Amino acid sequence: MDRVPSFDEPLKKLLGGATAKVMAEHLDLHTVGDLLHHYPRRYEERGKLTALADLPLDEHVTVVAQVADARILTFNNGRGKRLEVTLTDGSGRLQLVFFGHGVHKPHKELLPGRQAMFAGKVSVFNRKMQLAHPTYQLLDASDADEATEAVDAFAGRLLPIYPACKQLDSWRIAKAVDAVLPSARDAVDPLPASLREGRGFTSLPEALLKAHRPQTKADVEDARARLKWDEAFVLQVALARRRYADTQLPAVARRPVADGLLDAFDAKLPFTLTEGQEKVSKEIFDDLATEHPMHRLLQGEVGSGKTMVALRAMLTVVDAGGQAAMLAPTEVLAQQHHRSITEMMGELAEGGMLGGSDRGTKVVLLTGSMGMAARRQALLDLVTGEAGVVIGTHALIEDKVQFHDLGLVVVDEQHRFGVEQRDALRSKGKQPPHLLVMTATPIPRTVAMTVFGDLETSVLDQLPAGRSPIASHVVPAKDKPHFLSRAWERVREEVENGHQAYVVCPRIGDDAEEAEGKGEKKAKARKQAADEDPEKRPPLAVLEIADELRTGALAGLGVEVLHGRMHPDEKDDVMRRFAAGDVDVLVATTVIEVGVNVPNATAMVIMDADRFGVSQLHQLRGRVGRGSAPGLCLLVSEAHEASPARARLSAVAATLDGFELSRIDLEQRREGDVLGQAQSGVRSSLRMLTVIDDEEVIVAAREEAVAIVAADPELERLPELRTVLAALLDKDREEYLDKG
């Protein structure tokens, strides 16, 4: 090919339709640039040429030898085929084996007398040295020079192994990369020259060539250092520009007012705020007092009092004449927040009502399932400004909802909301309102910098006084069934001592089938699947476990269920009765994961705990131990003792530190899951960088990015960087910066 293709040229023009289609559908590679940024995952060392007489066991070797003989053997009554090839090089003999479908090509090519190079790992079978499924390259015996050159190129090289898929293996991807590699020379280098030279980085074209076709291990290191830096730097520049743009927006400053609603609220608190709550509140109040919108992430341990901090910020805004809205991801959570906030505020939440405080305001709830009359009244209270505080679900975002003067938006559990929802709510202010984002999943600093880089971060890491420690234990139900019996006895003991318990299951269960009397059949099928392979049986379900407990281990106790398919009024009724102590045991799905606050609940049993993620388990566990009595969390699992799933559960049982657990979670899952599919920009731009291991790179890149954007917000002096940013942040990818 004489013409060098450009980075945005579609692969189907160069590679043929079938290959390009597989790359697009299975590897998300569409252009020359995509393929050049599809880096090898590792490099196979073929080793220097080795004489057959000196082969070391268990090492990768490359040998040049002649085929002495080749024969196909059958086994399994003729159903299986094995090709055995014997090589000789004058110093010794070596056997090669190929199995299954892999026998056809070598059987045609490796004929007695042919000379070739073979690379693979040496093993022993039946006391003979062998190479199983080696890669090989035939040599042309008639041209000695060419053969020598081929040997050198084949043996000495690091062989790139690419992330592949079933439909396209690594060597075919390597071949495709060869076709586009000349384009690497035209790569637009985003790094300012001074930064590149100052940090001693190789140029981008050279880094791409070294990544795909390294001559030495030092080449690989050079390429990785440079490409990691690019990923961190371009991302941090994008985030720094977003932060800068936000500081240019106007907002109404909301300053605290003496003797207002906040002071009245603080005066009636039955406890003092923790040092952490005081410190974070001050950061928030300082932000609210400025004339550009606050963008702050408030992250804290389960139960560290984030809601209290958010409520005080909301009351400050009401004092300053504005309204505050809290957006919750589920109706259960919105109702829970509304209930706890009105309880904390008492008569201060009844502004304008008989018996309400004259300094008070109205606190309204707005959810999709409210009755027409209640909904109409809530909308009226918002538009007139009568309601200073509103708590709601996505229903808050609808066009019909108008505010008198929206000053602050609090988003609870940010990872459940997309950019569109956040922006739709923010657009309801006369000027952009201040924004406080809360998350109860502690995020390691590097992830916060990479995903929430456009937000300033506040961390609450102290637990308020009066919170009790939680003991956590793994219950190996399969190996030690008596442990599970003991777990149910412990639940019964907690209830007899006047407390309550949660039982959490991964699935709701099919009540329609149960009603038709198919329950027994299903239970039998479940048992059979579990006996054959615990991994294959469906996860345990709320409806089935609740029935089993009512008639078995917890007979005589008040057992109720809570799950997402119930009618909202029914859910609210169950939660109210549980909070009031009228229900002993609540069997639920993860709807109770965040925000549910019942101090009298002391025990939690999580069924099939290995089916939940680390941070989810930590969230769930945070629902117990919220009062003065110690909490107990039992993680029930049928996973094998040596499995990674059990290791994960042991890690959760071993520490209550959410930041430590989120690190473990990230190390196990890697970024793909953590940053999430929603963040397509991160997914497609983080190829070399691992957020958890490359903290220094991220911190340094952030510092450089902030300095560059402060000096040149539009990047007018850095056109190359602007070009690369534009390519990274096409419409879809830009959104991940908001999705967080």
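Structure: see above.
Quick caveat: nothing in here was measured; it's all calculated off a predicted structure.

Parameters and conventions
- Residues numbered from 1 in each chain as written.
- Predicted model: local features only at pLDDT ≥ 70, side-chain atom pairs only at ≥ 80, totals over all residues.
- Heavy atoms only, no water.
- Helix = DSSP H or I, 4+ residues; strand = E, 2+ residues; numbered from the N terminus.
- Buried < 20%, exposed > 50% of the residue type's maximum accessible area, 1.4 Å probe, protein only.
- Pairing = 2+ DSSP bridges.
- Axes fitted to C-alpha atoms, helices over the stretch in contact; angles between N-to-C directions.
- Contact = heavy atoms within 4.5 Å.
- 1 Å grid on protein atoms, 1.4 Å probe; cavity = no way out; pocket = protein on both sides within 12 Å on 5 of 7 lines; lining within 4 Å.
- Points joined across faces, edges and corners; volume = space filled by probe spheres on them.
- Nonpolar A, V, L, I, M, F, W, Y, C, P; charged D, E, K, R; others polar.
- Patch = residues over 30% accessible without salt bridge, like charges linked within 9 Å, V, L, I, M, F, W, Y side chains within 5 Å.
- Areas by Shrake-Rupley, 256 points an atom, 1.4 Å probe, with all protein chains shown as cover.
- Salt bridge = Lys/Arg side-chain N within 4 Å of Asp/Glu carboxyl O.
- Polar contact = N/O pair within 3.5 Å; in protein donor to acceptor, adjacent residues only side chain to side chain.
- Expected span 1.5 Å × (residues − 1).
- Arc of directions from axis to C-beta.
- Core = buried A, V, L, I, M, F, W, Y, C linked by side-chain atoms within 4.5 Å.
- Right-handed = clockwise from strand over helix to strand, strands pointing away.

Some points on the environment of Gly346
Then, number 1: Along the chain, the position of Gly346 falls in the loop between helix H13 (331-345) and strand S11 (362-366).
Then, number 2: The class for Gly346 is partly exposed, based on a relative accessible area of 21%.

Some points on the sheet that holds S11
Then, number 1: The sheet built from seven strands is open, its strands ordered S11-S12-S10-S13-S14-S9-S15 with parallel pairing. Looking at strand neighbours, the two that pair on one side only are S11 and strand S15 (456-460), the edges of this open sheet. The sheet shows a mean angle of 20° between the axes of neighbouring strands, direction not considered.
Then, number 2: Where S11 lies against strand S12 (residues 387-392), five bridges are found, and the strand directions are parallel. Counterpart to Lys362 in the pairing with S12 is Ala387.
Then, number 3: Along the sheet face, helix H11 (residues 275-288) touches strand S9 (295-300), strand S13 (406-412), strand S14 (434-439) and S15 and points at about 160° away from the line of S15.

Considerations on empty space enclosed by the protein
Unfilled space is identified by rolling a water-sized probe across the atoms.
Then, number 1: Summed over all chains, the structure comprises one cavity of 30 Å³ or more.
Then, number 2: Of the volumes computed, that of the largest cavity is approximately 40 Å³.
Then, number 3: Together, Ala251, Val252, Arg254, Asp405, Leu406, Gly407, Lys430, Gln431, Pro432, Pro433 and His434 line the largest cavity.
Then, number 4: A breakdown of the residues in the lining of the largest cavity according to their chemical character gives five nonpolar, three polar and three charged.

Topic: a nonpolar patch on the surface
Then, number 1: Judged by side-chain polarity, Leu57, Val124 and Met129 come together as a nonpolar surface patch covering roughly 240 Å² of accessible area.
Then, number 2: Its location among the elements puts Val124 in strand S5 (residues 115-125).
Then, number 3: Judged by relative accessible area, which is 46%, Val124 ranks as partly exposed.

Topic: the pattern of salt bridges
Then, number 1: In this structure the tally under the stated criterion is 32 salt bridges.
Then, number 2: Between Arg312 and Asp266 there is a salt bridge, with the nearest N and O atoms lying 2.8 Å from each other. Of this pair, Arg312 sits in helix H12 (residues 306-319) while Asp266 sits in helix H10 (residues 261-267), and the two are 46 residues apart along the sequence.
Then, number 3: A salt bridge links Arg490 to Glu493; its shortest N-O distance comes to 3.2 Å. Residue Arg490 and its partner Glu493 are both found in helix H17 (residues 481-496); the two are separated by three residues, about one turn of the helix.

Quick look at the side chain of His295
Then, number 1: For His295, the location among the structural elements is in strand S9.
Then, number 2: Within the structure, His295 has its side chain in polar contact with the side chain of Asp246 (distance 3.5 Å).
Then, number 3: Discounting chain neighbours no more than four positions away, the residues touching His295 are Asp246, Arg426, Leu435, Asp454, Leu455 and Glu456.

Brief notes about helix H21 (residues 568-579)
Then, number 1: Compared with the 16 Å implied by 1.5 Å per residue over twelve residues, the 16 Å span of H21 between its first and last C-alpha is a close match.
Then, number 2: Turning to H21, its buried residues number three or more, namely Pro568, Lys571, Asp572, Val574, Met575 and Phe578. All buried residues of H21 lie within an arc of 160° about the axis, which places them on one face of the element.

With respect to the nonpolar core
Then, number 1: Of all hydrophobic cores here, the largest spans 58 residues; its most connected members are Val585, Val587 and Ile606.
Then, number 2: Not counting the four nearest positions on each side in its chain, Val585 is found in contact with Val491, Val495, Ala501, Val503, Leu554, Leu557, Gly558, Val559 and Glu560.
Then, number 3: In terms of nonpolar packing, the next biggest core, distinct from the first, is built from 51 residues, Leu195, Val411, Ile698 and Leu718 among them.

Observations concerning the pairing of strand S20 (residues 601-606)
Then, number 1: For S20, a buried count of six out of six residues is recorded, marking the element as mostly surrounded by other parts of the structure.
Then, number 2: With helix H22 (residues 614-621) bridging S20 and the parallel strand S21 (residues 631-637), this β-α-β connection has right-handed handedness.

Topic: the sheet that holds strand S19 (residues 585-588)
Then, number 1: If you walk across this open sheet you meet the six strands as S16-S21-S20-S17-S19-S18, and the pairing is parallel. Strand pairing shows two members of the sheet lacking a second neighbour, strand S16 (470-476) and strand S18 (559-562), which therefore form its edges. Averaged over all adjacent pairs, the angle separating strand axes in this sheet is 20°, with direction ignored.
Then, number 2: The sheet contacts of helix H20 (residues 542-551) involve strand S17 (500-504), S18 and S19, and relative to S18 the element is tilted by about 175°.

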